Amino acid sequence: MVQSRLLISSRNYSSWSLRGFLLCRLAGIPFTVQVAAADDPQARAELLSRSSTIRLPCLLQGEIAIWDTLAIAEHLNEAHPGAQMMPAQRLARARCRSISGEMHSGFAALRASLPLNMRARRPGFTLWSGPRADIALIQEICTPPSPAASSPTTWR
């Protein structure tokens, strides 16, 4: 098996890096983590050689570099089917991709108001209506459709 290397920025402050780390961990692949700061000139040169966008995480496996969390998930699902990174059933996989895409690119109010800091505790923090609406939508899409749902269009 090819040894994998995952380039990340921070699992504490970057939800993107944390996602890449969790995907590799859940896939059960052997991998090493290399923390790279995009503002370090040497790290920047390394990242530019792997990805034109300097986006992290970046999974390196042999000759391939995968620098997007959705692409990493798809790759791990194909390369390690036993890890069951995505549902086996086609329609369930399509729903999974839809939810993943929305999580990947949506929820601007939540991202702007509540940047990731895994160690932060803010008792009494005021949560405005925009992020509250995003949180409600996340809860809705993470609720599996009921067996009584008449068609996939009734799924959110």
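Given the structure is predicted, the values throughout are model-derived calculations rather than measurements.

Pairing is mixed across the open sheet formed by 4 strands, whose spatial order is 2-1-3-4. This sheet does not close on itself; its edge strands, each paired only once, are strand 2 (31-35) and strand 4 (64-66). Each strand axis lies, on average, 20° off the axis of its neighbour in the sheet, ignoring direction. As judged from the 3 bridges shared by strand 3 (residues 58-61) and strand 4, these two strands associate in the antiparallel manner. Looking at strand 4, one finds that Leu59 is bridged to Ile66. Sheet contacts for helix 3 (residues 69-79): strand 3 and strand 4; angle to strand 3, the most-contacted strand, approximately 35°.

Let us now look at the packing of aromatic side chains. Summed over the entire model, instances satisfying the criterion amount to 1 aromatic pair. Residues Phe21 and Phe31 carry aromatic rings whose centres are separated by 5.7 Å and whose planes lie at 70° to one another, so their mutual orientation is edge-to-face. Here the residue Phe21 occupies a position in helix 1 (residues 15-27), and Phe31 occupies one in strand 2, the gap between them amounting to 10 residues. Both residues of the pair, Phe21 and Phe31, belong to the buried class. The positively charged end of Arg11 is found above the aromatic ring belonging to Phe21, 4.0 Å away from the centroid.

Analysis parameters
Residue numbering note: each chain is counted from 1, following its sequence as written. Under the rules for a predicted model, residues below a pLDDT of 70 receive no local features and side-chain atom pairs below 80 are neither given nor counted, while totals for whole chains, interfaces and linings still include all residues. To get the side-chain values, take all heavy atoms of the structure and skip hydrogens and water. In this scheme, strands are said to pair when DSSP sees at least two bridges between them. Counting from the N terminus, the helices are DSSP H or I runs at least four residues long and the strands are E runs at least two residues long. Axis angles are defined between N-to-C directions and span 0 to 180 degrees, where every axis is a line fitted to C-alpha atoms and, for a helix, only to the segment in contact. The contact definition used throughout considers only heavy atoms, calling two residues in contact when any of these lie within 4.5 Å. Aromatic rings from Phe, Tyr and Trp, with only the six-membered ring used for Trp, were paired whenever their centres fell within 6.5 Å, and each pair was classed as stacked if the ring planes differed by under 30 degrees, edge-to-face if by over 60, and tilted otherwise. Using a 1.4 Å probe on the protein chains alone, a residue whose accessible area is under 20% of its type maximum counts as buried, one over 50% counts as exposed, and one in between counts as partly exposed. Only when the NZ atom of a Lys or the CZ atom of an Arg is both within 6 Å of the ring centre and within 35 degrees of the ring normal do we say a charge sits over the ring.

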